[in-house]
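Summary of the model geometry
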Amino acid sequence: MPIRRRPDVIPFLPGLVACCLLTALQAAAAPPTAEDALVLKPRQKGVDYSQPSAEEAKQATIKQEKEGGVSALVVRSPSGEVLRAFADSDGNRVVDRWSYYKDGVEVYREIDSDKDTKADEYRWLAGGGSRWASDPDADGVIDAWKSLSAEEATAEVVAAIRDRDAAAFARLLPTQADLEAAGFAGEQLAELAARVAAAPAAFAKVVAAQKDIGPDSRWSSMLTPQPPGTLPAGTNGLTKDVTAYDNVVALVEGKEGNGQVFVGSLVKCGDAWRPVDAPQVSGGAEVGEPFGFFMPRVPGRGPAAGTGDVAENLKPLLAKLRELEGAMTAAALAARPALAAEYVGLLEQAVVAAADTDKPFWTNQLVETIAAYVQEGLLPDGIAKLEKLAEAAKGDDTAAAFATFRLIQARYTVGMEQPGFDGEELQKAWFADLQAFADAYPKAPESAEALLQLAFRDEFEGRDQEAVGRYAAIASSFPDTPQARKAAGAVRRLESIGKPLALAGSTVDGKRVAVQDLKGVPVLVHYWSTDCEPCKVDLAQIRELQAKHGPKKFRVVGVALDGDKAKLAKFLQAKPLPWPQLHEPGGLDSRLAEEFGVLALPTMVLVGADGNVIDRNVSITALEKQLDELIAGPAASP
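Just so you know, these numbers come straight off a predicted model, no measurement behind them.

Parameters and conventions
- Residues numbered from 1 in each chain as written.
- Predicted model: local features only at pLDDT ≥ 70, side-chain atom pairs only at ≥ 80, totals over all residues.
- Heavy atoms only, no water.
- Axes fitted to C-alpha atoms, helices over the stretch in contact; angles between N-to-C directions.
- Helix = DSSP H or I, 4+ residues; strand = E, 2+ residues; numbered from the N terminus.
- Parallel < 35°, antiparallel > 145°, perpendicular 65-115°, else oblique.
- Left-handed = near helix turned anticlockwise from the far one by under 90°.
- Contact = heavy atoms within 4.5 Å.
- Nonpolar A, V, L, I, M, F, W, Y, C, P; charged D, E, K, R; others polar.
- Disulfide = S-S within 2.5 Å.
- Buried < 20%, exposed > 50% of the residue type's maximum accessible area, 1.4 Å probe, protein only.
- Pairing = 2+ DSSP bridges.
- Salt bridge = Lys/Arg side-chain N within 4 Å of Asp/Glu carboxyl O.
- Core = buried A, V, L, I, M, F, W, Y, C linked by side-chain atoms within 4.5 Å.

1. So, the packing of helix H13 (residues 423-440) against helix H14 (residues 445-460)
Where H13 meets H14, the closest approach of the two axes is 9 Å, and the angle between their N-to-C directions is 135°. Compared by their axis directions, H13 and H14 come out oblique. When the axes of H13 and H14 are compared, the crossing they make is left-handed. On H14, the residues that touch Trp430, Phe431, Leu434, Gln435, Phe437 and Ala438 of H13 are Glu446, Ser447, Ala450, Leu451, Gln453, Leu454 and Arg457. Tallied by class, residues from the contact of H13 with H14 come to eight nonpolar, three polar and two charged.

Dropping the structure here:
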C-alpha cells in the first residue's frame with residue numbers, strides 16, 4: 001500500500017509510540033516489519049490479547065490485506081493466525097484503526113475518529129467484552145463510556161476501588177442528560193441527580209476506610225437476585241420504559257481471599273449501564289441506605305429520602321438476604337435447593353413484618369422468587385406455595401393476577417421437565433389456562449402477555465384472521481406496553497404482502513442499512529440469533545444461494561436478535577457473513593423485532609425487486625425455487 005507521509009505521522013502506526021521505535025521507522029525507507037508492529041501496546045490497561053514470544057515475532061509476517069472490507073497491514077503469526085491489523089478505514093492512506101487479536105479473533109480496537117492521527121476511542125470486542133470508551137483529547141485517559149454492559153460496569157467499580165481512582169468511578173455515573181434521555185423526569189429525576197451528585201464524596205469515604213479490596217484484587221462475577229426489571233413509562237412520571245437492576249453485588253477474588261462489593265442499583269442509559277450510588281464494601285464506611293428502583297417508597301417521606309429506604313425492622317432480613325445471594329452464587333449445585341428454601345423463608349418473614357403499605361411489594365418479591373426457583377428446579381414445594389399465595393390474593397385483582405400468571409408459567413415449566421411428558425396435552429392445558437386467565441383478569445398487565453401467546457398460537461396454526469384480531473386487541477387495550485408494540489408489529493407483518501418493508505437500522509459495525517435502498521433486486525431479510533440452531537443451518541444455505549446468484553441479483557440483510565452483542569461479534573469473527581447484520585440491544589424485545597412483530601426464530605421475509613414483500617414467512621426450502629423464478633424473470637417461467 002503506498003504511503004502518504006506527513007511530518008508527524010508514522011505510516012500505518014500510531015503517532016504515540018516509544019522514542020526508539022519512532023526513530024527507527026522514520027529512518028526506514030521500507031514499511032515497518034512485523035517485529036516493529038508487535039512492539040505497539042494497547043493504550044488501555046488490562047487488555048487480554050496475543051503476545052508472541054521474541055522468536056515468534058521474528059517469524060511473524062506483515063502484509064497488506066483486506067480486513068473487514070478495508071485495506072490494512074495485517075500481522076500474522078508463523079501459523080497464519082492474525083495478531084494485529086492496522087487499517088485505513090477511509091482510504092486516505094493513513095492508519096486510523098489499530099486492532100489487537102487473541103486466538104485469531106479481534107478483541108480490542110483503537111480508533112482515530114476525528115482523523116488527527118491519534119486514537120480517541122477504545123472498543124473491547126468479541127471475547128474481550130462490549131466496552132466502548134471515548135477519549136476526545138486523545139491523551140490515553142478515558143473520558144466517557146459510550147457502551148458498557150452491567151457486568152462490565154460492576155468490574156469497573158471494583159477496579160476503581162482497587163486503584164483508588166475517583167475519576168474512574170465518576171465517569172461511570174450518569175449525567176443529568178443521561179438520566180433525562182433514559183426517561184426520568186420531575187421528582188424522580190431530581191432525586192437521582194442528587195444521589196449521583198453525592199456519590200463521588202461517598203466513594204472517597206469508602207475507599208479510605210475499606211481494607212478488603214487490595215492491589216491484587218480482581219472482579220470475578222456479578223450477582224443479582226433477579227433479572228433486570230422494567231419500570232413502565234408513566235410510572236412516577238417516567239417518559240419512557242426504564243430498565244434497571246437492584247441489589248447488584250460484585251464478587252471479588254484476591255490473594256488474601258474472596259470478597260464482595262455491594263454496587264446497589266444499576267440503570268441502563270442508552271448502551272451503558274450506570275450505578276447511581278457509591279459502592280459499599282464489608283468493613284468500609286457506611287454511606288447511607290442504598291437506592292432501589294423496585295423498592296417501595298416509605299409513606300410520608302419526600303424524594304430526598306430515596307425510594308430505597310427500608311423500615312428498620314426489615315433491615316436485618318435484608319442483610320441476610322444479601323448474604324444468601326452471595327452464598328447462592330458460590331454454592332455447589334447440591335447445596336442450592338437448601339439455600340433457595342432459606343431465601344424464600346426470609347422473604348416470607350419480610351411479608352409478615354412489612355407495613356401494610358409495603359406488603360404488596362414484598363409479596364410480589366416472594367412470588368417472583370418462588371417462580372424463578374421453581375423454573376430452576378430448586379424448590380420442590382414451589383408450586384404449592386404459589387397456589388397458596390394465589391388463593392390468598394383472591395379479592396385483590398392486581399395481586400391475584402400477579403400470582404396466578406406466574407403460577408401458570410411455573411406449572412408449564414415443571415410439566416416440561418416431567419419424564420415422558422405429552423407435549424401436545426401440556427400445550428393444550430397451558431393455552432386453556434392462559435385463556436381462562438385473560439377472561440378472569442382482562443385489564444391486568446399480565447393479560448397482554450397471555451393474549452400475545454394465544455395470538456401467536458393462532459398464527460402458528462394458520463388462523464391468521466383470528467391472530468390479527470387478537471393482536472389488534474392487545475395493541476388497543478394495552479397501549480404503550482412492549483406487548484402492544486409486538487402485537488402491532490405482528491399485524492403489520494401478517495398484512496405485509498404487497499407492501500414496502502420499512503426496515504432500517506445500524507449494522508454491528510456501525511453502518512446504516514435500509515431495505516428500501518436495495519430496490520432493483522430481490523432481498524431476503526433473515527431474522528436470527530446465535531442461540532438459534534436452525535438459524536445457523538439457514539445461514540449456510542443462504543450463503544450458497546447468494547454465491548449462486550451473486551450480490552448483483554440477490555441481496556441479503558440479516559437482523560441479528562442477540563441480546564449479547566459480544567457473543568454475536570465473536571460468532572461473526574469466527575464465521576464472517578458476506579451480508580450486513582443489523583443489530584440493536586434487546587434481542588426479541590428490540591425495536592428491530594417489535595416493528596415487524598417477530599416472535600420466533602428463524603423468520604425470513606422475501607422482498608421483491610420493487611421493494612414490496614412477496615413472502616412474509618418464506619422457508620429455506622421454498623426460497624431457492626422462488627429466487628430462481630424471480631431472477632429468471634417471466635420469460636423463463638413455465
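Next comes the rest of the write-up.
2. Describing the environment of Leu83
Relative to the helices and strands, Leu83 resides in strand E3 (residues 82-88). Sequence separation between Leu83 and Ser50 is 33 residues; the distance between their C-alpha atoms is 6.4 Å.

3. Quick notes on the state of the cysteines
If you walk through the whole model with that rule in mind, you get one disulfide. The residue that forms a disulfide with Cys532 is Cys535, at a sulfur-sulfur distance of 2.3 Å. Note on the Cys532 and Cys535 pair: the S-S dihedral is about 80°, so by sign convention the disulfide is right-handed. As far as burial versus exposure is concerned, Cys532 and Cys535 are alike and both buried.

4. Things to note about the sheet that holds strand E21 (residues 613-615)
With mixed pairing, the five strands of this open sheet are ordered in space as E19-E18-E17-E20-E21. Of all the strands in the sheet, the pair left with one neighbour each is strand E19 (581-582) and E21. One ladder, built from five bridges, connects strand E17 (residues 523-528) with strand E20 (residues 603-607); its direction is antiparallel. Bridged to Val523 within E20 is Val607. Packing of helix H20 (residues 620-632) onto the sheet brings it into contact with E17, E20 and E21, and relative to E20 it is tilted by some 10°.

5. Quick look at the pattern of salt bridges
One pass over the structure, following the stated rule, counts 34 salt bridges. When the shortest N-O distance is used, the salt bridge between Arg162 and Asp163 registers 2.9 Å. Judged by its relative accessible area of 27%, Arg162 is partly exposed. What makes Asp163 partly exposed here is its relative accessible area of 36%. As a salt-bridge pair, Lys567 and Asp531 come within 2.3 Å of each other at their nearest N and O atoms. Here the residue Lys567 occupies a position in helix H18 (residues 565-574), and Asp531 occupies one in the loop between E17 and helix H17 (533-549), the gap between them amounting to 36 residues.

6. Focus: the nonpolar core
Core analysis: the largest hydrophobic core is formed by 66 residues, its most contacted members being Val75, Trp124, Phe184, Val261, Leu266 and Phe293. Among the elements that take part in this core, helix H7 (residues 186-209) stands out by supplying eight residues, more than any other. Formed by 33 residues, the second largest nonpolar core is a distinct cluster that contains Leu324, Ala354, Val374 and Leu379.

7. A short note on the pairing of E3
For a regular strand, the rule is simple: side chains alternate between the two faces of the sheet. In terms of residue burial, E3 counts as a mostly covered element, since seven of its seven residues are buried. Here E3 runs beside strand E4 (residues 97-102); their pairing, made up of four bridges, is antiparallel. Its bridge partner being in E4, Ala85 is matched across the sheet by Ser99.

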